[in-house]
Amino acid sequence: MQKRKLAVHLIVSFRDICVFTLVLPLGTLFVCFVSAYVFQPEEIHETHCRVYNVIPSISAITGVSPQRYLWRISIALHIGPRIIIAFVYKNYYRALIRELNDLAQIKKATSLLRIVHGLNIVEISALCCVTYVSNKENYPVHEKVFILFMTSSLSYMLATLKLLKVLQPNGPQTTQEETSLRYKRAFFALSIASTIGLILFFLKHRFLCHDLAFSWFALCEYIVASANMGFHCTTMLDFPTEDFMIAKNANRYRKKHATISWKLD
C-alpha cells in the first residue's frame, strides 16, 4: 500500500513564536505605562498611604481603563504559545532523559521534570489570574495570586537549573547550550535580587509609608517582570532552528510517549 504524502498546512519558525510571545506583553506594557502616565497620573499613583511616588506599579497601569483591556487581550494571545512551549520543553527534557544511563540520574531527572512542568503550568495559570483579577476590582485575591505567580516563577527557574545540572553532569555540550545556561543563571540571580528588593520596599510602603518606597517597589517589579521574560526568552537559544508545523498524514512521524512532538526522518 502506498504511503500517503505528508501535507503541510502551516509551518512557522519556533523562534518567531518565541519572539512574538516576548514582544507582545513587553510592547503592551510599554504602551500601558506611557499612556497611563500621561493621561491618568492621579489614578496610577494613588495608594493607601497617599505619599509621593513617581513610578506606578504594573498592577496600577494595567488596572485602569482602557489599558486593562489592552493588557488582557495581549495576555490572552500570550497564554496560548506559552502553553505550547511548556509542552515542547516537557518532551525536549524527556528526550534528554532517555539518553541517560544511570538509573539514579534517570529517576531524579524524571521527578524534577514533573516539578518543572507543573510549576510552569502553575506560573502560566497565575499570570492569567493576576491579569484578569485586577487590584482595583479585588485586591485581596489579586495580592494572593501575585504571590503565587512570584513563588511559582522563581521555583520554576530554580527547578529548571537543577534539572539541567542532572541532564548535563559534565556541563553544556555546545556553545548554544552554554550561552542558554549562562543567561538562565543570570536572569534567575537578577530575579532573586529584585524580589528581595521588592519585598523590602513593599513592607516599607505598607507599614511605614515612606516617600518613594512604592516607586522603588514598582521599579523592582519591572525588573522582576523583565527577568522573567528574559528567562523564558532563552527558548530561542534552546530551539534555534525548530519549526512549529500543522500537517496531515503525520502519524508515522509521531514519537512514542510524546504529548506534542514529532520526529522527521
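Residues numbered from 1 in each chain as written. Predicted model: local features only at pLDDT ≥ 70, side-chain atom pairs only at ≥ 80, totals over all residues. Heavy atoms only, no water.

- Per an unreviewed UniProt entry, the protein chain goes by CWH43-like N-terminal domain-containing protein and derives from Aedes aegypti.

### Quick word on the packing of helix H5 (residues 103-132) against helix H6 (residues 139-167)
So, point 1. Running from N to C, H5 and H6 cross one another at 155 degrees; their axes reach a closest spacing of 8 Å. Here H6 runs roughly antiparallel to H5, going by the angle between their axes. Viewed along their axes, H5 and H6 form a crossing whose handedness is left-handed.
So, point 2. The class makeup of the residues in the contact of H5 with H6 is 20 nonpolar, seven polar and three charged. (Axes fitted to C-alpha atoms, helices over the stretch in contact; angles between N-to-C directions. Helix = DSSP H or I, 4+ residues; strand = E, 2+ residues; numbered from the N terminus. Parallel < 35°, antiparallel > 145°, perpendicular 65-115°, else oblique. Left-handed = near helix turned anticlockwise from the far one by under 90°. Nonpolar A, V, L, I, M, F, W, Y, C, P; charged D, E, K, R; others polar.)

### Thoughts on the packing of aromatic side chains
So, point 1. Taken as a whole and assessed by the stated rule, the structure comprises 13 aromatic pairs.
So, point 2. Judged by centre distance (5.5 Å) and plane angle (25 degrees), the ring pair of Phe33 and Tyr37 falls under stacked. Taken as a pair, Phe33 and Tyr37 lie in helix H1 (residues 14-39) at a separation of four residues, close to a single helical turn.
So, point 3. Ring plane angle 65 degrees and centroid distance 5.2 Å describe the contact between Tyr89 and Phe239, whose orientation is recorded as edge-to-face. One end of the pair, Tyr89, is in helix H4 (residues 67-98); the other, Phe239, is in the loop between helix H9 (235-238) and strand S2 (243-248), and 150 residues separate them in sequence. Grouping residues by exposure puts Tyr89 and Phe239 together as buried.
So, point 4. By the ring-pair criterion, three or more aromatic residues cluster together here, those being Phe14, Tyr89, Tyr92, Tyr93 and Phe239. (Phe/Tyr/Trp six-rings, centres within 6.5 Å; stacked < 30°, edge-to-face > 60°. Buried < 20%, exposed > 50% of the residue type's maximum accessible area, 1.4 Å probe, protein only.)

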